[in-house]
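Spelled out, the chains give:
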Amino acid sequence: MKLAILGSGFIARFYADALVGQRRKDEVTIVYSRTLSNAKKFADDYNVPNFTDSIKDCVSHKDVDAVVIALSNDMHLEAVLACAAAGKHPLCTKPLGRTAREALEMLQAVEKAGVTGGYLEDLVYSPKALKSIAAIKSGSIGDVVWAKSRETHPGPHSDWFWDKEKSGGGAIIDLGCHCVELCRSYIGKNIKPVEVICWADTRLHPIDAEDNAVGMVKYENGAIGQFEVSWSFRGGMDLRDEVMGTEGTIWINNFLRTGFEMFTTGKSGTYVAEKAESDSGWLFPVGDEVNELGYNHMFTDMFDAIESNKQPMENFYDGYVVNAILDAAFLSAKTKKWEPVKIEDWRGVAEKKVEKEMTSYDKDYYLIKEETLPSGEKKFIVKNKKTGSIEKR
Ligand SMILES: NC(=O)c1ccc[n+]([C@@H]2O[C@H](COP(=O)([O-])OP(=O)(O)OC[C@H]3O[C@@H](n4cnc5c(N)ncnc54)[C@H](O)[C@@H]3O)[C@@H](O)[C@H]2O)c1
């Protein structure tokens, strides 16, 4: 695969580390940046043969099959439309749009142009998330009742993130997009998200957007996907998921305290991990950040999909659904009510909430709970099927 990268900032460098850091057969052939000197520096650092300050020239370059979009949120739509016009496959970073309307325009543009729109939602491709999703699909934890995903850190590294116009929002759009898609992947992407309730507040920064939020997304089968996001968390980047099923539980810690701890007096002052707040004392580095964050598996899936003319696991439709959920979250934070998720073109299963059949204790009683006590006795809490009275045995 011959690739262009649009952007030369923070995520463009992570992507390039994944694309050229190992012996991949794919090549980055051209990079775009607004400033030619930044484009040249990136090209020099990653051995990219061409650089430009024109998006149009970049995407229409003859040695480009797919375009990795690593620009600020306000530039995603323009970049995707340029790719569609040039007949190139856009692979766009998260969030796909600032709103569902923008995301839908991008989805429609790629479908009309007949190119593949890959949604670069890396955290769904982290090795731990991939294994969890496979375990859930094989039935290891039964039906998912409640999934929870948390991304919190001390705030982003560039000015435009803090400008609501350019970013489309604060911690909800920036971090909530990851959490929503993780929960959706655990609950089942075929299950329709129906409504959202969300608390959001601007607690600690002089900005218009929210810097803290918690939300719950209700799915048509009754499952709940909960997101917790913050731009004021101290101590680095906290990426944790919990999935609660009828037959099991999954806990994932992707970043802090993952089993790798290091003490240093801080003499070298080198990079520790994304958003780390300290380079001395006890530190929590990440072994292989590019892989742990999912970038390698993500690009492999994207390129395999394009080559076999299939949709990648994360595609523009997923990006659109995530934006639709986030739109409802923003509205709910204002109205303080459950707000419906408006998806114009639902492509999953229209599954109605199924009442779970209760387990019987005997012909007259349901079993609510069974537990072995410290004394060794077994206790059963039961409910009379006719009268509803709750008793113990
Ligand atoms: N884990 C992830 O998937 C992840 C992590 C960080 C950022 N991101 C996403 O990547 C994108 C870029 O974020 P970043 O952290 O690299 O930010 P950044 O500020 O480091 O880089 C942004 C890039 O966009 C360019 N840019 C900004 N405004 C522009 C304009 N008006 N015209 C042309 N170019 C412009 C900048 O020059 C720079 O090259 C965002 O959409 C962000 O949400 C994704």
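Since we're looking at a predicted model, the values are computed, not measured.

What counts, and at which threshold
- Residues numbered from 1 in each chain as written.
- Predicted model: local features only at pLDDT ≥ 70, side-chain atom pairs only at ≥ 80, totals over all residues.
- Helix = DSSP H or I, 4+ residues; strand = E, 2+ residues; numbered from the N terminus.
- Contact = placed C-beta atoms within 7 Å.
- Domains from an automatic or database assignment.
- Core = buried A, V, L, I, M, F, W, Y, C linked by C-beta atoms within 7 Å.
- Buried ≥ 20, exposed ≤ 12 C-beta atoms within 10 Å, placed from the backbone.
- Pairing = 2+ DSSP bridges.
- Axes fitted to C-alpha atoms, helices over the stretch in contact; angles between N-to-C directions.
- Near = placed C-beta within 6 Å.
- Nonpolar A, V, L, I, M, F, W, Y, C, P; charged D, E, K, R; others polar.
- Parallel < 35°, antiparallel > 145°, perpendicular 65-115°, else oblique.
- Left-handed = near helix turned anticlockwise from the far one by under 90°.
- Arc of directions from axis to C-beta.

1. Side note on the overall build of the chain
Across its full length, the chain holds 11 helices and 18 strands. Principal axes of the C-alpha set define a box for the chain whose edges measure 75 × 55 × 45 Å. If you take every contact in the chain between residues at least 6 apart in sequence, the share linking residues at least 24 apart comes to 65%.

2. A word on the domain arrangement of the chain
Entries for the chain in the domain assignment read domain 1 (2-122), domain 2 (123-294 + 306-340) and domain 3 (357-393). The gap between the C-alpha centroids of domain 2 and domain 3 is 38 Å.

3. A closer look at the nonpolar core
Grouped together as the largest cluster of nonpolar side chains are 100 residues, with contacts concentrated most on Ala 4, Ile 5, Leu 6 and Ile 325. Ranked by residue count, the leading element in this core is helix α11 (residues 316-335), at 12 residues. Once you skip the residues sitting within four places of it in the chain, Leu 6 turns out to touch Tyr 32, Ile 55, Cys 58, Val 67, Val 68, Ile 69, Ala 70, Leu 71 and Ala 79.

4. Quick word on the sheet that holds strand β16 (residues 365-372)
Read from one edge of the open sheet, 3 strands run β16-β17-β18, paired in antiparallel fashion. In the strand order of this sheet, the two ends are held by β16 and β18 (390-392), each with one partner. Averaged over all neighbouring strand pairs, the angle between strand axes comes to 20°, with direction disregarded. Judged from the 7 bridges that link them, β16 and strand β17 (residues 378-384) form a sheet pairing that is antiparallel. For Lys 369, the partnering residue across the bridge sits in β17 and is Ile 381.

5. As for the site of the ligand
Residues in contact with the ligand amount to 19 residues; listed here are only the nearest, Gly 7, Gly 9, Phe 10, Ile 11 and Ser 158. It is helix α1 (residues 10-20) that contributes the most residues to the shell around the ligand, 3 residues altogether. Here the shell around the ligand is composed, by residue class, of 8 nonpolar, 8 polar and 3 charged.

6. A short note on the packing of helix α6 (residues 127-137) against helix α8 (residues 171-187)
Contact pair α6 / α8: the axes reach a minimum separation of 9 Å and the direction vectors enclose 30°. Relative to α8, the element α6 lies roughly parallel. Note on element contacts: α8 touches α6 through Leu 182, Ser 185 and Tyr 186, opposite Ala 129, Ser 132, Ile 133 and Ile 136. Grouping the amino acids of the contact of α6 with α8 by side-chain chemistry returns 5 nonpolar, 2 polar and no charged.

7. Digging into unusual backbone geometry
Put simply, Lys 94 and Pro 95 share a cis peptide bond, and its omega is -20°. Looking at where Pro 95 falls in the secondary structure, it is placed in the loop between β5 (89-93) and α5 (100-113). Positive phi is not limited to glycine here, since Lys 275 has a value of about 65°. Mapped onto the secondary structure, Lys 275 falls in the loop between β13 (262-264) and β14 (281-283). Lys 275 gets classed as partly exposed once you count the C-beta atoms within 10 Å, which come to 18. Of note, the phi angle at Asn 309 is positive, near 55°, even though the residue is not glycine. Judged by C-beta crowding, with 8 C-beta atoms within 10 Å, Asn 309 ranks as exposed.

8. Overview of the environment of Lys 334
Tracing the backbone through its elements, the reader meets Lys 334 in helix α11. Separated by 89 residues in sequence, Lys 334 and Gly 245 have C-alpha atoms that sit 31 Å apart.

9. Side note on the packing of α5 against α11
Each pair of packed helices gets described by two things: the angle between the helix axes and the distance between those axes. At a closest axis distance of 8 Å, the pairing of α5 and α11 adopts a crossing angle of 165°. On the basis of their axis angle, the class for α5 and α11 is roughly antiparallel. Crossing angle aside, the handedness with which α5 passes α11 is left-handed. Packed against α5, whose contacting residues are Ala 100, Ala 103, Leu 104, Met 106, Leu 107 and Val 110, the element α11 presents Phe 316, Tyr 317, Gly 319, Tyr 320, Asn 323, Ala 324 and Asp 327 at the interface. Classifying every residue of the contact of α5 with α11 gives 10 nonpolar, 2 polar and 1 charged.

10. Looking at α1
Residues Ala 12, Tyr 15, Ala 16, Ala 18 and Leu 19 constitute the buried set of α1. All buried residues of α1 lie within an arc of 160° about the axis, which places them on one face of the element.

11. Examining the sheet that holds strand β2 (residues 27-32)
A sheet is described by the order of its strands in space; here 6 strands give the open sequence β3-β2-β1-β4-β5-β6, paired in parallel fashion. On the outer flanks of this sheet lie β3 (50-52) and β6 (118-120), each paired with one strand and no other. Strand-to-strand, the axes of this sheet are offset by a mean angle of 25°, without reference to chain direction. Sitting on the sheet, α1 is in contact with β1 (2-6), β2, β4 (66-69) and β5, with an inclination near 165° to β1.

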